[in-house]
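As a plain string of letters, each chain reads:
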Amino acid sequence: MSNSKFNSVMRGYFSNLDTDVKRFIHSKFINSGMDYFNFMDTFLYNYGIISFNVVVNIDNNKHSSYIKFSDENIFNETGEITLAINVSDDTAEERLANKLVTLIHFSNYNDWIKQKTK
């Protein structure tokens, strides 16, 4: 899976570095040498996202996406969120990326810095 739709949504979001949170995350991304999907998977783990992914149902070749949170996470979310079930790959990736964008957008820069030092 190429994660091209996910990466496209993230590129669009980070194309305008108009907040401290976006600048902070983007600076880490630039130094990572990864695409957005792999970077976010690794980076957000340190902030309480245990996993997120787009998975394929081999019976019907449709895709689902989800995010699973640890009990303590920067977004104050709980459990697991299913974002899409039995949709196209692009739709599952887009819903996943848009949810992460929303979570990041409404987060507080001071929480990122505070969590970083733990």
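Residues numbered from 1 in each chain as written. Predicted model: local features only at pLDDT ≥ 70, side-chain atom pairs only at ≥ 80, totals over all residues. Heavy atoms only, no water.

1. Some details on the packing of helix 1 (residues 4-14) against helix 4 (residues 89-105)
One way to put it is that helix 1 packs onto helix 4 with a least axis distance of 7 Å and a crossing angle of 30°. Looking at the two axes, helix 1 sits roughly parallel to helix 4. Like other packed secondary-structure pairs, helix 1 and helix 4 cross with a definite hand, here right-handed. Contact residues: S4, K5, F6, V9, M10 and Y13 in helix 1; D90, E93, E94, L96, A97, N98, L100, V101, I104 and H105 in helix 4. (Axes fitted to C-alpha atoms, helices over the stretch in contact; angles between N-to-C directions. Helix = DSSP H or I, 4+ residues; strand = E, 2+ residues; numbered from the N terminus. Parallel < 35°, antiparallel > 145°, perpendicular 65-115°, else oblique. Left-handed = near helix turned anticlockwise from the far one by under 90°. Contact = heavy atoms within 4.5 Å.)

2. Describing the pairing of strand 1 (residues 49-57)
Here 8 bridges tie strand 1 to strand 2 (residues 62-69), and the two strands are oriented antiparallel to one another. Across the sheet, the residue bridging to I49 is F69, located in strand 2. Between the antiparallel neighbours strand 1 and strand 2 lie 4 residues, among them N61 with a positive phi of about 55°. (Pairing = 2+ DSSP bridges.)

3. Remarks on helix 3 (residues 36-45)
Within helix 3, burial applies to Y36, F37, F39, M40, F43 and L44. Viewed end-on, helix 3 has its buried residues packed into an arc of 160°, placing them on one side of the element. (Buried < 20%, exposed > 50% of the residue type's maximum accessible area, 1.4 Å probe, protein only. Arc of directions from axis to C-beta.)

4. With respect to the pattern of salt bridges
If you walk through the whole model with that rule in mind, you get 3 salt bridges. K22 is paired through a salt bridge with D18; the nearest N and O atoms lie 2.9 Å apart. For D18, a relative accessible area of 46% translates into the label partly exposed. With a closest N to O distance of 2.6 Å, R23 and D20 form a salt bridge. In this pair, R23 and D20 both sit in helix 2 (residues 20-30), 3 residues apart, roughly one turn of the helix. With a relative accessible area of 38%, R23 lands in the partly exposed category. (Salt bridge = Lys/Arg side-chain N within 4 Å of Asp/Glu carboxyl O.)

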